[in-house]
Each structure stands twice: as structure tokens, then as C-alpha cells.
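The lines below spell out each chain.
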Amino acid sequence: MIKKPLKTLFDAMYHGKYEFVDFAQCDVSLCYERVKFKKREVIRPNKRLKVYHSFLILFLLEYLKVDDEVVYSYRKGVNTYDAVSKHAASSYFFQTDLSNFFKSIDVEMVRAVINEGISRAPILDGEDYIDRIIELVTVDGSLPVGFPSSPVISNSCLYAFDEKLKSYCRQRGLIYTRYSDDIIVSGKDKDELLGVKESITAFLNDCFQGKLSINHGKSKFTHTGNKIKLLGMVILPNQKVTVDIKFKKDLEVMLHFYINDREKFLDKVGGGYREGVEKITGYMNYVNTVDKDYLNKLRKKYGATVVDTLIHHPTKK
């Protein structure tokens, strides 16, 4: 790999459309707005800051360590289905998530992973810009919800934890996957899952000194014979992964009205026609990812032309 100065890489990327001096010196606090979304604060970057994040992702953040054996979030070519399907043959399951995930990842943790990974990036003088990079990707001392860079950084910050939990599970014949802050551990032997919650808590304390913790209210053990629902998907008794029955019912009501009654379709989706089509298109593409057999049933019931047109409908960027 031929390393080049950060400014050289930036100028080659944007050819004067954006100025490196602004990337290096602009007041980041003027480049985003705070908005409320579903009762939580989201930091919405402006176009310029999004561009700077895209640059950092391409030339630095994608070079940070991620355990691709267990992590299925924010990586090209994998998704929630892959995180769930790994557990399809298991009989016993533990799932939990991490409390206040992004906000719990502070500047110290971000600095540590960037310091560790910057030598693998194609940047010759990256060490000279670490402070500036941290200014660009954090708000109020932690990773903000809403920045394009936050998901990528979060994966790397959990690398040591992922390694510990993966090793623990491997020794016990268990399967571990993580999607963002959602943790799933499963196996065929009930006894091997005994103590897994306490072990995860211990690994988090060891790696993060109390900064990250599990959400006890969302921690759950279950087993086959009960409904196995993971990341919004369901594992059937035949070990097939599919979408939840409620999701199927909502989708089929939307499809019926989409075909037969535009007014009722608009009432169902709760918006304008364009937004409604985008919503049903998102649903159809989710089914296409998770369960192609169910998608074929929809083709037979509602028509292949309708289903395939929705799947390939362009969505708003």
C-alpha cells in the first residue's frame, strides 16, 4: 500500500469541490442540527459534514478492526438475516442489547481504536490529524446517533469484547452474533447457556470499565417450543427463518389495498401515495432478503408483476 498525506487524498477525492482547510479547521458544531426522533436525540449532519464523514470512512474507518465472524451490522454484503440464520439450528437462545449504545462510546474509546487502526490506513500523516478526526466524529464527548461514521466506529470499539465472547462461546459449543447493540447467543445444550448473561456482563466490565452494560429489561432466554423471535425475524420449528406473522399481515393488507383501493391504501400507510409506495417497497425488499419462499407465495396471490414492480421500484435517496 502506498501511503499519501491526508490532504493529497482529500484533494484527489474532491478536486477542489471541497477545501481541505475547511475539513481541517471548520467549526463542527455549526455543521449539524439536533432533532428529536422517537423520543431520542438524533444529530443530523449537514451535506458538507456528511461528505467529510464519507471521506473518513473510505480512507480510515474501514481499516479499523472488526470481527467479521460474529458482527453483521454496518458491513457490506451482510445484514440482520445473516445474524439470525446462524442460530437457525439451535434449541436454546439468549438475547440482549446494550444500554444507550452510541452515547456510551466516549472520546477515549474512539481515540483508542483510531490510534490502533490508523497504521493500516493509506494515510501517511494520520497521527497528525487524530484530534481533528475525533472532533469530526464525536459530539458532546461521545458517538452521536445520526452521524454516518458512528456505526462503523462502534463496531471497532467492540472488537475486544467480540473476541472475548466469541472465544467463550466457542469453548462451550455456542453460537454468538451481534448486530449493532443486539447480542444473540444460542446452542443445542441448555446447560451451556447457564451463566452466559453474567459472563457477558463481566466481559463488558473488563473491556469498558462500566461504560457499556446490557439492558436487563430486554434480556431474554427462550427455547424451541416457544416462539423464537430474533431481530424481528422468526425461526420456525423446521429451522427456517422468516418474517414475523404480524409483519406478513400488515404487508398483505397493504398489498390488497394497493391493488384494489387507493383511498384505503393511503389510510393504511398514513401518508401520501409516494411515501406509501416507498413504505411497501421497503417491506417487499425486506421479505426478498429474509424469505424468498414467502415472496413467491405473494407472487402467486397478488401477481408476479405487482410484486416484482414493487421490489424494483426506485426509492428516494
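Residues numbered from 1 in each chain as written. Predicted model: local features only at pLDDT ≥ 70, side-chain atom pairs only at ≥ 80, totals over all residues. Heavy atoms only, no water.

### Comments concerning the pairing of strand 2 (residues 40–45)
Argument step 1. Note that strand 1 (residues 32–37) and strand 2 share six bridges and pair antiparallel. Along strand 2, the bridge assignment pairs Lys-36 with Glu-41.
Argument step 2. Counted between consecutive antiparallel strands, the loop separating strand 1 from strand 2 contains two residues, among which Lys-38 sits at a positive phi close to 50°. (Pairing = 2+ DSSP bridges. Helix = DSSP H or I, 4+ residues; strand = E, 2+ residues; numbered from the N terminus.)

### Considerations on the UniProt feature "domain: Reverse transcriptase" (unreviewed entry) in the protein
Argument step 1. The residues that UniProt annotates with the feature "domain: Reverse transcriptase" (unreviewed entry) are residues 1–235.
Argument step 2. Helix and strand shares over residues 1–235 are 39% and 17% respectively, and the end C-alpha atoms of the span are 44 Å apart. (UniProt positions renumbered as here; feature names shortened; annotations may be inferred.)

### So, the environment of Leu-61
Argument step 1. Looking at where Leu-61 falls in the secondary structure, it is placed in the loop between helix 3 (47–59) and helix 4 (80–85).
Argument step 2. Remark: the alpha-carbon pair of Leu-61 and Ile-153, spanning 92 residues in sequence, is separated by 6.7 Å.
Argument step 3. Once residues within four sequence positions are removed from consideration, Leu-61 is found in contact with Leu-56, Ser-149, Val-152 and Ile-153. (Contact = heavy atoms within 4.5 Å.)

### Quick notes on helix 12 (residues 262–269)
Argument step 1. If you check the start of helix 12, you find a side-chain oxygen 3.2 Å away from the backbone N of Glu-263, and it comes from Asp-261.
Argument step 2. Taken from the residues just after helix 12, Gly-270 is the one with a positive phi, measuring 70°. (Polar contact = N/O pair within 3.5 Å; in protein donor to acceptor, adjacent residues only side chain to side chain.)

### Some remarks on the sheet that holds strand 7 (residues 228–230)
Argument step 1. A sheet is described by the order of its strands in space; here three strands give the open sequence 7-8-9, paired in antiparallel fashion. Two strands close off the open sheet at either side, each with one partner strand: strand 7 and strand 9 (241–243). Within this sheet the neighbouring strands show an average axis-to-axis angle of 35°, counted without direction.
Argument step 2. Contacts from helix 13 (residues 273–290) reach strand 8 (233–235) and strand 9 within the one sheet, and its direction differs from that of strand 9 by about 170°. (Axes fitted to C-alpha atoms, helices over the stretch in contact; angles between N-to-C directions.)

### Focus: the sheet that holds strand 4 (residues 175–179)
Argument step 1. Read from one edge to the other, the open sheet built from four strands follows the order 4-5-3-6, with strand pairing classed as antiparallel. Edge positions in the sheet fall to strand 4 and strand 6 (220–223), since each has one partner strand and no second. In this sheet, neighbouring strand axes are inclined to one another by 20° on average, regardless of whether the strands run parallel or antiparallel.
Argument step 2. Here four bridges tie strand 3 (residues 92–97) to strand 6, and the two strands are oriented antiparallel to one another. Of the residues in strand 6, the one forming a bridge with Gln-95 is Lys-220.

### With respect to the nonpolar core
In a soluble, globular protein the nonpolar side chains are often hidden away together inside.
Argument step 1. Membership of the largest hydrophobic core comes to 69 residues, with the highest contact counts inside it found for Phe-161, Leu-165 and Ile-200.
Argument step 2. Ranked by the residues each element gives to this core, the list is headed by helix 3, at seven residues.
Argument step 3. Grouped together as the second largest cluster of nonpolar side chains are 28 residues, Met-233, Met-254, Val-269 and Leu-295 included. (Core = buried A, V, L, I, M, F, W, Y, C linked by side-chain atoms within 4.5 Å. Buried < 20%, exposed > 50% of the residue type's maximum accessible area, 1.4 Å probe, protein only.)

### Some thoughts on the packing of helix 9 (residues 159–171) against helix 10 (residues 196–208)
Helix-helix packing is characterised by the crossing angle of the two axes and by the distance between the axes.
Argument step 1. Packing of helix 9 against helix 10 leaves a shortest axis separation of 9 Å and a crossing angle of 150°. With respect to their mutual orientation, helix 9 and helix 10 come out roughly antiparallel. When the axes of helix 9 and helix 10 are compared, the crossing they make is right-handed. Taken together, the residues of helix 10 that come into contact with helix 9 (itself represented by Ala-160, Phe-161, Lys-164, Leu-165 and Tyr-168) are Val-196, Ser-199, Ile-200, Phe-203, Leu-204, Asp-206, Cys-207 and Phe-208.
Argument step 2. When its residues are assigned to classes, the contact of helix 9 with helix 10 shows 10 nonpolar, one polar and two charged. (Parallel < 35°, antiparallel > 145°, perpendicular 65-115°, else oblique. Left-handed = near helix turned anticlockwise from the far one by under 90°. Nonpolar A, V, L, I, M, F, W, Y, C, P; charged D, E, K, R; others polar.)

### What to know about the side chain of Asp-125
Argument step 1. Note on placement: Asp-125 falls in the loop between helix 6 (107–117) and helix 7 (130–137).
Argument step 2. No salt bridge forms around the buried Asp-125; measuring N to O, its nearest opposite-charge neighbour Lys-3 is 9.5 Å away.
Argument step 3. Here Leu-6 takes part through its backbone nitrogen, which lies 2.9 Å from a polar atom of the side chain of Asp-125.
Argument step 4. Leave out the neighbours within four places in its chain, and Asp-125 touches Lys-4, Pro-5 and Leu-6. (Lys, Arg positive; Asp, Glu negative; His and termini not counted. Salt bridge = Lys/Arg side-chain N within 4 Å of Asp/Glu carboxyl O.)

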